[in-house]
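Coordinate analysis (summary)
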Amino acid sequence: MHDISHPQQSQNWYRSDGRYYRCTLQQNLLHEWVLILQWGALQNHRGGSLEMVFGTYEKGLQQLEATAKRRVQRGYKLANHKA
């Protein structure tokens, strides 16, 4: 059964000089929580991505928060916008 007590998606965008980093926590069709990390350069669109699967929203959120902390430590600034 689908757990609707959590938002369907949490997303953060980060930017630094010429680079971006996007973190998205969402549920997949198997009702697992997936943290999708995407990064790259703003000018040439080169980058990469990584998906990490978690059994609970709380575990995924913990990783999202840890990732956000690392982005800020590395000079990225939160730049959330509606996609």
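Structure: above.
Presented here is an overview of the structure given in this document. In this text the structure is predicted, and so the values were computed from the model without any measurement. (Residues numbered from 1 in each chain as written. Predicted model: local features only at pLDDT ≥ 70, side-chain atom pairs only at ≥ 80, totals over all residues. Heavy atoms only, no water.)

Bridge analysis of strand β3 (residues 33–41) against strand β4 (residues 47–54) gives 8 bridges, and the strand direction is antiparallel. For Trp 33, the partnering residue across the bridge sits in β4 and is Phe 54. Counting the residues between successive antiparallel strands, the hairpin from β3 to β4 contains 5 residues, one of them, His 45, with a positive phi of roughly 60°. (Pairing = 2+ DSSP bridges. Helix = DSSP H or I, 4+ residues; strand = E, 2+ residues; numbered from the N terminus.)

The subject of this paragraph is unusual backbone geometry. Notably, His 31 is not glycine yet its phi reads approximately 65°, a positive angle. Along the chain, His 31 turns up in the loop between β2 (19–27) and β3.

Here we come to the sheet that holds strand β5 (residues 77–78). One open sheet holds the 5 strands; their spatial order is β4-β3-β2-β1-β5, and the pairing between them is antiparallel. Whereas interior strands pair on both sides, the edge strands pair on one side only; in this sheet they are β4 and β5.

Its location among the elements puts Arg 15 in strand β1 (residues 9–16). What makes Arg 15 partly exposed here is its relative accessible area of 44%. Taking the C-alpha atoms as reference, Arg 15 lies 5.4 Å from Lys 77; in sequence the two are 62 residues apart. Other than its neighbours up to four places away in sequence, Arg 15 contacts Tyr 20, Leu 42, Gly 75, Tyr 76, Lys 77 and Ala 79. (Buried < 20%, exposed > 50% of the residue type's maximum accessible area, 1.4 Å probe, protein only. Contact = heavy atoms within 4.5 Å.)

With respect to the helices and strands, the residue Leu 78 is situated in strand β5. Separated by 66 residues in the primary sequence, Leu 78 and Asn 12 have C-alpha atoms spaced 7.2 Å apart. The contact partners of Leu 78, leaving out residues within four places of it in the chain, are Asn 12, Trp 13 and Tyr 14.

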